[in-house]
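Below, each chain spelled out in residue letters.
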Amino acid sequence: MSKLVAIAASLYFVTLAFFGFVPAASAHSLNYSLNSAIATPMALFSFSGTRPSNIGVTNGKLLDCPDSPNCVSSQSTDAEHKIAPLTYTGDPAKALEDLKAVISSMPRTKIITAEGNYLYAEFTSALMGYVDDVEFYLNADKGIIEVRSASRLGKSDLGVNRDRVEAIRAQLA
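Residues numbered from 1 in each chain as written. Predicted model: local features only at pLDDT ≥ 70, side-chain atom pairs only at ≥ 80, totals over all residues. Heavy atoms only, no water.

Peer 1: Can you help me understand the nonpolar core in this one?
Peer 2: Buried together is how nonpolar side chains tend to be arranged in soluble globular proteins. By size, the foremost hydrophobic cluster in this structure holds 20 residues, and its most contacted members are Leu86, Leu99, Ile103, Phe123, Phe136, Ile145 and Ile168. Breaking this core down by element, the ones donating at least two residues are α3 (92-105), β6 (118-124), β7 (131-139), β8 (144-151) and α4 (160-172). Considering each element in turn, this core owes the most residues, five residues, to α3. Apart from the residues lying within four places of it in its own chain, the contact partners of Ile103 are Thr109, Ile111, Leu119, Ala121, Phe123, Phe136 and Ile168. (Core = buried A, V, L, I, M, F, W, Y, C linked by side-chain atoms within 4.5 Å. Buried < 20%, exposed > 50% of the residue type's maximum accessible area, 1.4 Å probe, protein only. Helix = DSSP H or I, 4+ residues; strand = E, 2+ residues; numbered from the N terminus. Contact = heavy atoms within 4.5 Å.)

Take a look at the structure:
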C-alpha cells in the first residue's frame with residue numbers, strides 16, 4: 001500500500017509542477033518528488049528475478065532450456081529451442097575478445113563472468129527490467145561458440161532471446 005501512496009503523492013507533485021502551482025520554497029521538495037515520480041514506478045516494474053546458480057559449462061554442455069519457450073540454445077535438440085551456434089575463423093582468443101566487444105556495445109548489458117572459454121552476461125529490458133541470462137562457450141575443437149539465452153522470469157519472451165543471438169551473430173560476421 002505504501003508504494004501506491006508514494007505513486008499518488010508523486011503524481012500529485014508532478015501535476016502541480018506541470019501546471020506551475022509549486023511555491024518557490026518547495027523547490028528541493030519538488031526535485032525530490034520528481035525523482036520519486038520517476039524512480040517509484042520503475043521500482044514497481046523491475047522484474048529482474050534472481051541470478052541463477054546452476055548455469056555454466058558441465059562436460060562441454062550449457063544448461064538445457066526449460067520447457068517454456070523463452071529460451072534458445074545451440075545445444076538444444078528440439079526445434080522450439082534450437083538455434084545455430086556462433087562461428088568464427090582464426091584465433092579463438094580473438095573470437096572471444098570480439099564477442100566481448102559486441103556484447104559490451106549492446107544497451108543494458110553487463111558481463112558477469114569471462115573466464116577461459118566461457119562468457120556469461122545479463123541483458124536487461126528497457127521498460128520492465130526483465131533480465132535474460134546469456135552464456136557463451138567457445139568450443140575450440142569444433143571451431144564454434146555454443147550459446148544459450150534464457151529469460152529468468154515469465155513464459156514467453158516474444159522472440160527476444162532468439163533475436164538477440166541473431167543480432168550478435170550479425171555483428172560478429
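Peer 1: Which parts of the structure should I look at to understand unusual backbone geometry?
Peer 2: Only a minority of non-glycine residues have a phi that is not negative, and only a minority of peptide bonds are not trans. The residue Asn59 is not glycine, and still its phi comes out positive at about 55°. The residue Asn59 is located in the loop between β1 (57-58) and β2 (61-62) in this model. A positive phi angle is found at Arg108, which is not glycine, with a value near 55°. By relative accessible area, Arg108 is classed as partly exposed at 45%.

Peer 1: Any chance you could explain the pairing of strand β5 (residues 109-115) here in plain terms?
Peer 2: Regular strands have side chains that alternate between both faces of the sheet. Here β5 pairs with β6 via six bridges, running antiparallel. By the bridge assignment for β6, Lys110 is matched with Glu122. (Pairing = 2+ DSSP bridges.)

Peer 1: I keep staring at the state of the cysteines and nothing clicks. Help me out?
Peer 2: By definition, a disulfide links the sulfur atoms of two cysteines through a covalent bond. Overall, the coordinates contain one disulfide when judged by the stated rule. Cys65 shares a disulfide with Cys71; S-S distance 2.1 Å. Taking the sign of the S-S torsion, -70° for the link of Cys65 and Cys71, the bridge is left-handed. The exposure class of Cys71 is buried, given its relative accessible area of 0%. (Disulfide = S-S within 2.5 Å.)

Peer 1: Whenever I open this one, α3 confuses me. Can you help?
Peer 2: Its 14 residues give α3 an end-to-end C-alpha distance of 20 Å, which sits within 8% of 20 Å, the value for a rise of 1.5 Å per residue. On the buried face of α3, the contacting elements are β4 (86-87), β5, β6, β7, β8 and α4. (Expected span 1.5 Å × (residues − 1).)

Peer 1: I tried to follow the pairing of β7 on my own but got confused; where do I start?
Peer 2: Counting buried positions over the nine residues of β7 gives nine, a clear majority of the element. Alignment of β6 against β7, held across seven bridges, turns out to be antiparallel. Looking across to β7, one finds that Leu119 is bridged to Phe136. Count of turn residues in the β6/β7 antiparallel hairpin: six residues, of which Gly129 carries a positive phi of about 75°. In terms of strand pairing, β7 meets β8 through eight bridges, oriented antiparallel. Counterpart to Asp133 in the pairing with β8 is Ala150. The turn linking β7 back onto β8 is made up of four residues, and Gly143 within it adopts a positive phi angle of 70°.

Bear in mind that shape data such as this cannot, by itself, settle questions of function.
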